[in-house]
Amino acid sequence: MKLILIGIQGAGKSTQGNLLSEKYGVPYLSSGHIFREITRKKTKLGRWLKETLNAGALVPDDTTLEIVFEYLQKPEYRHGYILDGFPRTLAQAEEFDKREKINKVILIDVSDKEAVWRISGRVSDRQDETLQAIRQRIELFHQLTKPVVDHYQGLGMLARINGEQEVNKVFKDILAACNGKT
Ligand code: AMP
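Now for a quick tour of the structure. (Residues numbered from 1 in each chain as written. Predicted model: local features only at pLDDT ≥ 70, side-chain atom pairs only at ≥ 80, totals over all residues. Heavy atoms only, no water.)

1. As for helix α6 (residues 112-120)
Side chains that are three or four residues apart share a direction in an α-helix, a result of its 3.6 residues per turn.
Point 1. Buried residues of α6: Ala-115, Val-116 and Ile-119, and no others. Relative to the axis of α6, the buried residues are bounded by an arc of 95 degrees and lie together on one face. Opposite its buried face, α6 presents the exposed residues Lys-113 and Trp-117, each directed more than 90 degrees away. (Buried < 20%, exposed > 50% of the residue type's maximum accessible area, 1.4 Å probe, protein only. Helix = DSSP H or I, 4+ residues; strand = E, 2+ residues; numbered from the N terminus. Arc of directions from axis to C-beta.)

2. Observations concerning the pattern of salt bridges
Point 1. Evaluation of the coordinates by the stated rule reveals eight salt bridges.
Point 2. Arg-36 is the partner of Asp-128 in a salt bridge, and the nearest nitrogen-oxygen pair spans 3.8 Å. Of this pair, Asp-128 sits in the loop between α6 and α7 (131-154) while Arg-36 sits in helix α2 (residues 31-39), placing them 92 residues apart in sequence.
Point 3. Using a relative accessible area of 3% as the deciding quantity, one classes Asp-128 as buried.
Point 4. By relative accessible area, Arg-36 is classed as buried at 17%.
Point 5. Between Glu-95 and Lys-98 there is a salt bridge, and its shortest N-O distance comes to 2.8 Å. Taken together, the residues span about one helical turn, with Glu-95 and Lys-98 both in helix α5 (residues 90-99) at a distance of three residues.
Point 6. Among the residues examined, Lys-98 registers a relative accessible area of 63% and is labelled exposed.
Point 7. In the salt-bridge network here, residues are joined through shared partners; they are Arg-36, Asp-128 and Arg-137. (Salt bridge = Lys/Arg side-chain N within 4 Å of Asp/Glu carboxyl O.)

Purely geometric numbers; function is a separate question.
Following this line, the structure appears as C-alpha cells:
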C-alpha cells in the first residue's frame, strides 16, 4: 500500500499516518521529520535547513526531491509506505508521479482556525512551531499545496476526509476510501 497524506499542520496526519502504518504493515514516513533530523547535524546543509524550517518556509523542490527519493530507495519502503508532507508543490507531485505508483491520496480536511487551535493546545519540542511559522505554513499550503490536491483530484486519486471528527471516525473514513467505498 502506498498512500500520501495531505493536510495543514494540525490536521492529524501523523496520528492517522501511524494508525495506517500499523494497519497496512508499511512504514510511516514524514518529510518534515526527515528534514528535522538533518537540522540536528552540524553540517552546512543542516544549518541551512534549520533556518528554512524555523521560518516556516518550504525547502526548495530540487533539494526536497533529492532527499525524499533517496529515502524511498531504502529497502524498507519497497513494499509500501504512508507518506506525510510530500509532495507539497505541483512540481514535486509531477516528479513523484514519474517514479512512483500511488494507491490513494488522502486529504485530511480541517479549517485553519481548528488547526491553529489544536497546535496551540499541544506540548511540542519542535523549534519550528512558533505561531509565525505555523501561520506561514498554512499560507503556503493554500498557495502551493492546493494545486497538488487539484492535481490528484483530476487524476481520480483523491479522497477528501473530514478531519474535524473523532480520531477513530477519521481513520474509518480513510480506510473506507482506501477500500474504494467512497
Ligand atoms: P512538516 O513536519 O510536514 O510540517 O514539515 C516541516 C517543515 O519541513 C516545513 O515547514 C518545510 O520547511 C519542510 N518540508 C517538509 N516537507 C516538505 C516538502 N515536501 N517540500 C518542502 N519543504 C518541506
